[in-house]
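Survey of secondary and tertiary structure
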Amino acid sequence: GNTILLPGPASMFRNGEFVGRSDMKLVTSGQTFTAGFGIDSQIQVVREFVDKKIETQLGSRYNEQHYRIALSNYKAGPVAVRLLDRVPWTENGSLSIELKNVSHPLSEDAEYLRTEKNKGILRWDLQLDGGTFGPKATIVTYCYGMKYDKSLSVVPAGPSQ
């Protein structure tokens, strides 16, 4: 539209109900922007660590981690969902990380492919049918493998600052 949104605090409402406050940046006429409207309790996501396998062979260690993510839609109608997860990422050439057995194709969004995919960010753009919960929940599975010299100590990084 022809509306300009000025920067500053914004109160967010969904269906006439207050859901929270946010800080808005300047949005010029015709520019698109994303706004968060709080948690939708009718969409639920559960991520589970399923299994891991560690093998050592000829001086190398191979560590494989399997994950399962269940997405439930308790609404009557379909819902578009962007699911984000991450796998380890490093610039250290002696550690190779491979994504495997991905049940649903990752996002084809050009900006995601250009900026985030190569840094270990996983993104799925999913459409959840209405009433898909319990045994009908959408299940996303994937695993990743890390191969490295067994003399290398691989430990998870702490929370980012």
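Attention here is on the structure that accompanies the text. Remember, it's a predicted structure, so these values are computed and weren't measured experimentally.

**Some thoughts on the packing of aromatic side chains**
This structure, assessed with the given rule, holds six aromatic pairs. The interplanar angle of 20° and the centroid separation of 5.6 Å between the aromatic rings of Y67 and Y142 together place this pair among those described as stacked. On the criterion of sequence distance, the pair formed by Y67 in strand β4 (residues 60–73) and Y142 in strand β8 (residues 138–149) is long-range, its members being 75 residues apart. Judged by centre distance (4.5 Å) and plane angle (20°), the ring pair of Y74 and F133 falls under stacked. You can see Y74 sitting in the loop between β4 and β5 (79–86) and its partner F133 sitting in the loop between β7 (121–128) and β8, a full 59 residues away along the chain. Judged by its relative accessible area of 39%, Y74 falls in the partly exposed class. Of the aromatic side chains, those joined through ring pairs into one cluster are F49, Y67, W124, Y142 and Y144.

**Section: the pattern of salt bridges**
This structure, assessed with the given rule, holds nine salt bridges. R68 is the salt-bridge partner of E48, the closest N and O atoms lying 3.1 Å from each other. Of this pair, E48 sits in strand β3 (residues 43–57) while R68 sits in strand β4, and the two are 20 residues apart along the sequence. Since its relative accessible area comes to 31%, R68 is described here as partly exposed. Between R82 and D125 there is a salt bridge, with its nearest N and O atoms 3.6 Å apart.

**Looking at the pairing of β5**
Burial along β5 is one-sided: the residues V79, V81, L83 and D85 are buried and none of A80, R82, L84 and R86 is. Sheet topology places β5 next to β7; eight bridges connect them, and they run antiparallel. Its bridge partner lying in β7, L83 is registered against W124.

**What to know about the side chain of N63**
Within the secondary structure, N63 is located in strand β4. For N63, a relative accessible area of 9% translates into the label buried. Within the structure, N63 has its side chain in polar contact with the side chain of Q65 (distance 2.7 Å). Setting aside residues no more than four positions away along its own chain, N63 makes contact with K53, I54, Y144, G145, M146 and Y148.

**Description of the nonpolar core**
In terms of nonpolar packing, the biggest core is built from 21 residues, with L71, L83, W124, L126, V140 and Y142 touching the most fellow members. Elements supplying a minimum of two residues to this core: β4, β5, β7 and β8. If near-sequence neighbours (up to four positions away) are discounted, V140 is found in contact with Y67, R68, I69, L71, L83, S103, H104, W124 and L126.

**A short note on the environment of F13**
Relative to the helices and strands, F13 resides in strand β1 (residues 8–14). For the pair F13 and P88, spaced 75 residues apart in the sequence, the C-alpha separation amounts to 37 Å.

**Some details on the environment of V45**
Mapping V45 onto the fold places it in strand β3. Judged by its relative accessible area of 45%, V45 is partly exposed. Between the C-alpha atom of V45 and that of D109, which follows or precedes it by 64 residues, the distance is 22 Å. In contact with V45, not counting residues within four places along its chain, are I69, A70, L71 and L83.

Parameters at a glance
- Residues numbered from 1 in each chain as written.
- Predicted model: local features only at pLDDT ≥ 70, side-chain atom pairs only at ≥ 80, totals over all residues.
- Heavy atoms only, no water.
- Phe/Tyr/Trp six-rings, centres within 6.5 Å; stacked < 30°, edge-to-face > 60°.
- Helix = DSSP H or I, 4+ residues; strand = E, 2+ residues; numbered from the N terminus.
- Buried < 20%, exposed > 50% of the residue type's maximum accessible area, 1.4 Å probe, protein only.
- Salt bridge = Lys/Arg side-chain N within 4 Å of Asp/Glu carboxyl O.
- Pairing = 2+ DSSP bridges.
- Polar contact = N/O pair within 3.5 Å; in protein donor to acceptor, adjacent residues only side chain to side chain.
- Contact = heavy atoms within 4.5 Å.
- Core = buried A, V, L, I, M, F, W, Y, C linked by side-chain atoms within 4.5 Å.

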